[in-house]
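# Reading the structure
Residue strings, one per chain:
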Amino acid sequence: MVTGNAAVLVDIRKYDGSLSAQWTATRLGEDEHGVWLGTAQGVPVGSATGGWTSRFVYVMLVPRGEWWTATFCADPGPEVYCDVCTAPEWDADGTVLRMVDLDLDVVRHRGGEARIEDEDEFAEHQVSYGYPESVTGKARQTCQWLLEAVHRGRNGVEPFSSVYRYWLGLVR
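So, here's what we can say about the structure. As the structure is a computational prediction, the values presented were derived from the model and not from experiment.

## Topic: the packing of aromatic side chains
Inspection of every chain in the model, using the stated rule, returns 12 aromatic pairs. Ring geometry for W36 against W167: centres 5.7 Å apart, planes inclined by 10 degrees, an arrangement best described as stacked. Here W36, found in strand 4 (residues 34–39), pairs with W167, found in helix 3 (residues 164–171); they are 131 residues apart in sequence, far enough to count as distant. Across this residue pair, the class does not change: W36 and W167 are buried. Three or more aromatic residues link up through ring pairs in this structure, and these residues are W36, W68, F72, W145, F160, Y164, Y166 and W167. The ring of W90 carries R27 above its face, with NZ or CZ at 5.2 Å from the centroid.

In structure tokens, the structure reads:
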């Protein structure tokens, strides 16, 4: 397990290039699941519709070459919040992480079941942004895989079960 504490600019865009969200996280390290980033409570987050500050501590798992990221939150946030996106890309020195948000999310609140959110936004943007069929197909396939994987996480299957607690503990 490699750890570190470098600042990383997380730059998430919509398909048309407009800003979805942008904030600075801390690179905590990496393991067999991918790179782990931490964000403390109160970190400013920018977006095209304004800004806010993070309401709770969370860690983001950035898997290698996959079309998703997973955020694991401290209470009172959702336990797992997965974003379907294009495969995240790092700049050469690992200080900037970029991806395109494809709207679909898979969420599991504490004690609840995994569910898909923002299907209406996905349908709307599929038309307004003109997602190619290859993108919509990959997004739907990824979303279905995430739904099943997050559900299996309730039965101890990682990385959607408990491995995130170690990384979350490094942020507090």
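There's plenty left to go through after this.
## A closer look at the environment of T49
Take T49: it is sitting in the loop between strand 5 (44–47) and strand 6 (50–53). Look at T49 and you get exposed, because its relative accessible area is 78%. When the C-alpha atoms of T49 and S20 are compared, they prove to be 8.3 Å apart, with 29 residues separating the residues in sequence. Polar side-chain contacts of T49 include one of 3.1 Å to the side chain of S47.

## Things to note about the pattern of salt bridges
Overall, the coordinates contain 10 salt bridges when judged by the stated rule. R64 is the salt-bridge partner of E30, the closest N and O atoms lying 2.9 Å from each other. Of this pair, E30 sits in strand 3 (residues 19–31) while R64 sits in the loop between strand 7 (58–62) and strand 8 (68–73), placing them 34 residues apart in sequence. Accessibility expressed as a relative area gives 23% for E30, which makes it partly exposed. For R64, a relative accessible area of 46% gives the class partly exposed. For R108, the salt bridge goes to E79, with nearest N and O atoms at 3.3 Å. Here the residue R108 occupies a position in strand 11 (residues 96–108), and E79 occupies one in the loop between strand 8 and strand 9 (80–85), the gap between them amounting to 29 residues. Under the relative-accessibility criterion, E79 is labelled buried at 10%.

## Overview of unusual backbone geometry
The omega torsion of the bond from D75 to P76 falls at 15 degrees, within 30 degrees of zero and hence cis. Mapped onto the secondary structure, P76 falls in the loop between strand 8 and strand 9. In this structure, P159 follows E158 across a cis peptide bond, with omega equal to 10 degrees. Looking at the element boundaries, P159 is found in the loop between helix 2 (133–153) and helix 3. We note that D103 has phi near 75 degrees; this positive angle belongs to a residue other than glycine. One can find D103 in strand 11. Judged by relative accessible area, D103 falls into the buried class, the value being 1%. A positive phi angle is found at D118, which is not glycine, with a value near 70 degrees. Note on placement: D118 falls in the loop between strand 12 (115–117) and helix 1 (119–128).

## Describing helix 3
An α-helical segment advances 3.6 residues per turn. Residues three or four places apart therefore align on the same side. Three or more residues of helix 3 are buried, namely Y164, W167, L168 and V171. All buried residues of helix 3 fall inside an arc of 100 degrees around its axis, so they share one side.

Conventions we followed
- Residues numbered from 1 in each chain as written.
- Predicted model: local features only at pLDDT ≥ 70, side-chain atom pairs only at ≥ 80, totals over all residues.
- Heavy atoms only, no water.
- Phe/Tyr/Trp six-rings, centres within 6.5 Å; stacked < 30°, edge-to-face > 60°.
- Helix = DSSP H or I, 4+ residues; strand = E, 2+ residues; numbered from the N terminus.
- Buried < 20%, exposed > 50% of the residue type's maximum accessible area, 1.4 Å probe, protein only.
- Lys NZ or Arg CZ within 6 Å of the ring centre and 35° of its normal.
- Polar contact = N/O pair within 3.5 Å; in protein donor to acceptor, adjacent residues only side chain to side chain.
- Salt bridge = Lys/Arg side-chain N within 4 Å of Asp/Glu carboxyl O.
- Arc of directions from axis to C-beta.

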